[in-house]
Amino acid sequence: MTAKSAAAAARSTVYGYPRQGPNRELKKAIEGYWKGRSGADALRTTAAELRAANWRRLADAGIDEVPTGDFSYYDHVLDTTVMVGAIPERHRAAVEADALDGYFAMARGTQDVAPLEMTKWFDTNYHYLVPELGPDTVFTTDSAKQVSELKEALALGLSTRPVLVGPVTYLLLAKPAPGVPAGFDPLTLLDRLLPVYAEVLADLRAAGAEWVQLDEPALVQDRTPAELNAAARAYRALGGLTDRPKLLVASYFDRLGDALPVLAKAPVEGLALDFTESAAANLDALAAVGGLPGKRLVAGVVNGRNIWVNDLEKSLSTLGTLLGLADRVDVSASCSLLHVPLDTAAERDIEPQILRWLAFAREKTTEIVTLATGLAQGTGAITAQLTANRADLATRAASPITRDPAVRARTAAVTDADARRSQPYGERARAQRAHLRLPLLPTTTIGSFPQTAELRTARADLRTGRIDQAAYEDRIRTEIGEVIVFQEKTGIDVLVHGEPERNDMVQYFAEQLTGYLATQHGWVQSYGTRYVRPPILAGDISRPEPMTVRWTTYAQSLTSRPVKGMLTGPVTMLAWSFVRDDQPLGDTARQVALALRDEVNGLEAAGTSVIQVDEPALRETLPLRAADRPAYLAWATEAFRLSTGGVRPDTQIHTHMCYAEFGDIVQAIDDLDADVISLEAARSHMQVARELAAHGYPREAGPGVYDIHSPRVPSTEEAADLLRTGLKAIPAERLWVNPDCGLKTRGWPETRASLEHLVAAARTVREELAAP
């Protein structure tokens, strides 16, 4: 096919779409089911209505081929686990008794059975449930979900393409099941898994699928020759099947690297590649392997992870170059639109001109259709869109919102000494012990306490004017007082104020910093029914006035025990925002760090002796390619130290990280130079404690003994056992006792019982250590 005919054949598509609905209907339906307010049939009806509405919306926008199978009640990797029958033994009875309840048991656990481990989906803030596999795993086919959703879309008269997690990525994301040796490699199960995928593909073909997309994002990471050979073997096998649809293998989030020639040679009909800035190297690499003659190329030229309007002319140039490299070039976003909010039209509080700089999922589908039209029919067919797009890009570039000379001057004046504490850790530790006088195995929490219905109602009442600011603040004072009293009665050593005034750990600060924009309806799924509204980092950052000092100081006035000041760190402020794309990330991080430094110093001046600067996103933002990591870690750790480097030696700096694999960033954790770090560890059975010990981590640490992402209440003995395991890696004088993460999403009954058990566990183990 010539470049001209390839352009004429260009079609538009997406890999996935936000699941929640315009008003988070899915979240409400699922949580209603969990609480017994509605039944399974009502949940299934709501889900089917949301799927149909999404498909119609995409088709009405001009998307030629809509995805199916991307919709999920909780997580698409968990859906894949069900599809291939890899149900952990401890969940099998629940799944056999009731498939839906068993599904949620794997996701959330029950009082008697722990859930699957949860961690970040590559370098995003989406969490997936980690498959647990072992040498005895037996895969079985269950394609019911994939087939039924395909039939639903076909019944609407739509051109559809089922989307599945590919077999290689599924195995590379898995971990050894409990009791299986840690050295077990799930990829050794590939030949056992491929026949199940073959059956799923046959079932989808029989149901009417012309194409099936197999997502292999794990192949954009550094892969060994053995892993690349496994990918080649997998797609020789699947491509060689006679009873199958056409196969489109998709990658995203970064350049494909050494896996590109492997997939280009595979007997599949198409590849989907990311061509946005982070993966721009895919263009030259594709040319270097000779393109994809005779195959379909789906070009991800619209950024599926950020919210800035696309540069249409730049994307058209990229698409024009690609026309000579494939038999057919289609246009898409770089990845699923799951990672962006639904629609800018719902935002009433952002200036209309600024709103034109933004593109959420609906706007991105319009951009994709516009680009496909321009590719197929020429730029004359989209003259009006190109003119408007040029104007929007120019307005943003010239806006005074984006540049503050005072911020830039302060940032330029930063020295290496600003990012260092005045004394080394050993001297600081002695000063802090003398000042704080904490017991062995001190107990604390990560920061937030349950956001009750009363708190949410008070916040809504303030927004709508049903109560005034004074009444709202009275409610916050009452909540803080109750949280302090509970912690004192329970016996917790270092208290928190509970954060009742905070809507979200990033948004709360973003709303008080210059340079940020907040949305009202920009919800994005983090995990399960947990949705967040990432703020938009649009311009230079500064702190006009104190953000947390008032409430922290009030909480401290209620107790003689230390109360931690609680802040969100600079890397997490970037990672959990939609960050500006017009300057290097390190420059933006330094601006945020200086604003937070002002707050840290303000807390200390007000008498706060323990200050926690959370960095849960440090690992998740780690570049997927090892070659890109040193530069990232250099500015990321500097930004944290710049935030905290101005305090006295006897002020104790904490940080917190959760739900990621930490083994490959232990040196970076060390480089943060925090006095105490708390980390997720309950689901992974203290793996991180062993990793810290292997590194020789010299500071204090609190690997979590209470998994807060599950509603189950751990017993005192369970928490004590985890603590004893932690003691095998970290000496008692450097070990803290705490939950995995904040308690915002938990209810008070389970929180109360779990923390009482946590404190009792610490007391039990202290007594064991003191015994002769």
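Residues numbered from 1 in each chain as written. Predicted model: local features only at pLDDT ≥ 70, side-chain atom pairs only at ≥ 80, totals over all residues. Heavy atoms only, no water.

A.B. asks: Help me out: how do you make sense of unusual backbone geometry in this one?
C.D. replies: The bulk of non-glycine residues show a negative phi, and the bulk of peptide bonds are trans. Positive phi outside glycine occurs at Arg24, with the angle close to 55°. Along the chain, the position of Arg24 falls in the loop between helix 1 (3–8) and helix 2 (25–34). (Helix = DSSP H or I, 4+ residues; strand = E, 2+ residues; numbered from the N terminus.)

A.B. asks: Could you clarify how one ought to interpret the pairing of strand 19 (residues 676–679) in this entry?
C.D. replies: Remark: a regular strand shows side chains that alternate across the two faces of the sheet. Of the two faces of strand 19, the one carrying Val676 and Ser678 and the one carrying Ile677 and Leu679 are both buried. Inspection of the sheet shows strand 19 paired to strand 20 (residues 700–703) by 4 bridges, in the parallel sense. The residue bridging Leu679 from the neighbouring strand is Pro703, located in strand 20. (Buried < 20%, exposed > 50% of the residue type's maximum accessible area, 1.4 Å probe, protein only. Pairing = 2+ DSSP bridges.)

A.B. asks: Would you mind going over the sheet that holds strand 7 (residues 211–215) with me for this structure?
C.D. replies: Whether parallel or antiparallel, the strands of a sheet pair through hydrogen bonds between backbone atoms. Taken in spatial order, the 7 strands line up as 1-5-7-8-9-10-11 in an open sheet, and their pairing is parallel. Of all strands in the sheet, those bounded by a partner on one side alone are strand 1 (66–68) and strand 11 (326–333). Put simply, the sheet's adjacent strands are angled 25° from each other on average, direction ignored. (Axes fitted to C-alpha atoms, helices over the stretch in contact; angles between N-to-C directions.)

A.B. asks: How should I be thinking about the pattern of salt bridges in this particular structure?
C.D. replies: Two side chains that carry opposite charge are able to pair once their charged atoms sit near each other. Across all of its chains, the model carries 55 salt bridges by this definition. We note a salt bridge from Arg296 to Asp330, for which the minimum N-O separation is 2.7 Å. With a gap of 34 residues between them, Arg296 in strand 10 (residues 292–302) and Asp330 in strand 11 connect regions that are remote in the sequence. Both residues of the pair, Arg296 and Asp330, belong to the buried class. The shortest N-O distance in the salt bridge between Arg712 and Glu718 comes to 3.0 Å. Its relative accessible area of 15% is what places Arg712 among the buried residues. Within the structure, one salt-bridge network assembled from shared partners comprises Arg421, Arg428, Asp670, Asp673, Asp675 and Arg699. (Salt bridge = Lys/Arg side-chain N within 4 Å of Asp/Glu carboxyl O.)

A.B. asks: Sorry, what's going on with the packing of aromatic side chains here?
C.D. replies: Note on aromatic pairs: each is described by the distance of the centres and the angle between the planes. Applying the stated criterion across every chain yields a total of 16 aromatic pairs. Ring geometry for Trp34 against Phe104: centres 5.4 Å apart, planes inclined by 90°, an arrangement best described as edge-to-face. Note that Trp34 is positioned in helix 2 and Phe104 in helix 6 (residues 99–108), a separation of 70 residues in sequence. Residue Phe104 is classed as buried on the basis of its relative accessible area, which comes to 4%. An angle of 90° between the planes, with centres 5.1 Å apart, marks the rings of Tyr632 and Trp635 as edge-to-face. In this pair, Tyr632 and Trp635 both sit in helix 25 (residues 629–644), 3 residues apart, roughly one turn of the helix. Since its relative accessible area comes to 4%, Tyr632 is described here as buried. A network of ring pairs unites the aromatic residues Tyr15, Trp121, Phe122, Tyr128, Tyr252 and Phe253 as a single cluster. The ring centre of Trp34 lies 3.6 Å from the NZ or CZ of Arg108, which sits over that ring. One residue, Arg296, lies across the ring of Trp211, its end atom 4.7 Å from the ring centre. (Phe/Tyr/Trp six-rings, centres within 6.5 Å; stacked < 30°, edge-to-face > 60°. Lys NZ or Arg CZ within 6 Å of the ring centre and 35° of its normal.)

A.B. asks: It is not clear to me how the packing of helix 3 (residues 40–61) against helix 7 (residues 144–155) should be interpreted in this structure. Could you clarify?
C.D. replies: Packed helix pairs are characterised by how far apart their axes lie and by the angle those axes make with each other. Where helix 3 contacts helix 7, the axes come no closer than 10 Å and their chain directions differ by 50°. On the basis of their axis angle, the class for helix 3 and helix 7 is oblique. In the crossing of helix 3 with helix 7, the sense of the turn from one axis to the other is right-handed. Two secondary-structure elements touch here, helix 3 through Ala48, Arg51 and Trp55 and helix 7 through Glu149, Glu152 and Ala153. (Parallel < 35°, antiparallel > 145°, perpendicular 65-115°, else oblique. Left-handed = near helix turned anticlockwise from the far one by under 90°. Contact = heavy atoms within 4.5 Å.)

A.B. asks: Would you take a moment to explain the packing of helix 2 against helix 6 for this structure?
C.D. replies: Where helix 2 contacts helix 6, the axes come no closer than 12 Å and their chain directions differ by 100°. Classed by the angle they form, the pair helix 2 and helix 6 counts as roughly perpendicular. Contacts between helix 2 and helix 6 pair Ile30, Tyr33 and Trp34 from the former with Leu100, Asp101, Phe104 and Arg108 from the latter. Of the residues contributing to the contact of helix 2 with helix 6, the split by class is 5 nonpolar, no polar and 2 charged. (Nonpolar A, V, L, I, M, F, W, Y, C, P; charged D, E, K, R; others polar.)

A.B. asks: How do you make sense of the nonpolar core when you look at a structure like this?
C.D. replies: Here is a general trend for soluble globular proteins: nonpolar side chains tend to be buried in one another's company. Counting residues in hydrophobic clusters, the biggest one holds 118 residues, and the most contacted among them are Tyr170, Leu319 and Leu322. Considering each element in turn, this core owes the most residues, 8 residues, to helix 9 (residues 190–206). Ranked by size, the runner-up nonpolar core spans 97 residues in total, among them Tyr472, Leu537, Val571 and Phe640. (Core = buried A, V, L, I, M, F, W, Y, C linked by side-chain atoms within 4.5 Å.)

A.B. asks: It is not clear to me how helix 13 (residues 312–322) should be interpreted in this structure. Could you clarify?
C.D. replies: Think of an α-helix as turning once every 3.6 residues; residues three or four places apart then point the same way. Taken together, the buried positions of helix 13 are Leu312, Ser315, Leu316, Thr318, Leu319 and Leu322. Taken around the axis of helix 13, the buried residues stretch over an arc of 160°, which confines them to a single face. (Arc of directions from axis to C-beta.)

A.B. asks: Even after reading the chapter, I still don't get the pairing of strand 13 (residues 524–527), so can you show me in this structure?
C.D. replies: Sheet topology note: the strand 13/strand 14 (residues 530–532) ladder contains 3 bridges and is antiparallel. The partner of Tyr527 across the bridge, within strand 14, is Arg530. Counting the residues between successive antiparallel strands, the hairpin from strand 13 to strand 14 contains 2 residues, one of them, Gly528, with a positive phi of roughly 50°.

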